[in-house]
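Here are the chains, one letter per residue:
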Amino acid sequence: MSDSKAMRGPRDGKADKRTSLPTFYRQVVAELRKVVYPTQEQLVTYFFVVMVFVLVMIALVSALDLAFGKLVFAIFTGPDQT
């Protein structure tokens, strides 16, 4: 056993009582009312930011793949075998 003094649960052996289904539903609805949804302008901006980032990452990974592929091909084929 570890020397940690952190408790994993109640010491008296009683587990916490589960919430009922209607209470759970009310809590979910209450939490969803707190959500701040983006405007259409923000959504379009986020979309383009994500698309530009993905395209840049695709270009970077493609360039690295091409460079490493040519390097490995040059190493294993030997000189003057193009």
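Placed above this text is the structure.
Residues numbered from 1 in each chain as written. Predicted model: local features only at pLDDT ≥ 70, side-chain atom pairs only at ≥ 80, totals over all residues. Heavy atoms only, no water.

(A) Here's a closer look at the overall build of the protein chain. From N to C terminus, the protein chain includes two helices and zero strands. The burial tally for the protein chain puts 0% of its 82 residues in the buried class. Accessible surface for the protein chain amounts to roughly 8,600 Å². Of this, 66% is attributable to carbon and sulfur atoms. (Helix = DSSP H or I, 4+ residues; strand = E, 2+ residues; numbered from the N terminus. Buried < 20%, exposed > 50% of the residue type's maximum accessible area, 1.4 Å probe, protein only. Areas by Shrake-Rupley, 256 points an atom, 1.4 Å probe, with all protein chains shown as cover.)

(B) Main features of the pattern of salt bridges. Using the criterion set out here, one finds one salt bridge in the structure. For Lys-34, the salt bridge goes to Glu-31, with nearest N and O atoms at 3.1 Å. Lys-34 gets classed as exposed once you look at its relative accessible area, which sits at 59%. We classify Glu-31 as partly exposed; its relative accessible area is 46%. (Salt bridge = Lys/Arg side-chain N within 4 Å of Asp/Glu carboxyl O.)

(C) Highlighting helix H2 (residues 40-77). Given a rise of 1.5 Å per residue, 38 residues ought to cover 56 Å, and the 55 Å separating the end C-alpha atoms of H2 matches this to within 8%. Of the residues trailing H2, Gly-78 is marked for its positive phi of about 85°. (Expected span 1.5 Å × (residues − 1).)

(D) Inspection of the packing of aromatic side chains at higher detail. As enumerated under the stated definition, the model contains one aromatic pair in all. Pairing Phe-47 with Phe-48 gives two aromatic rings, centres 5.3 Å apart and planes at 70°, and the pair type is edge-to-face. (Phe/Tyr/Trp six-rings, centres within 6.5 Å; stacked < 30°, edge-to-face > 60°.)

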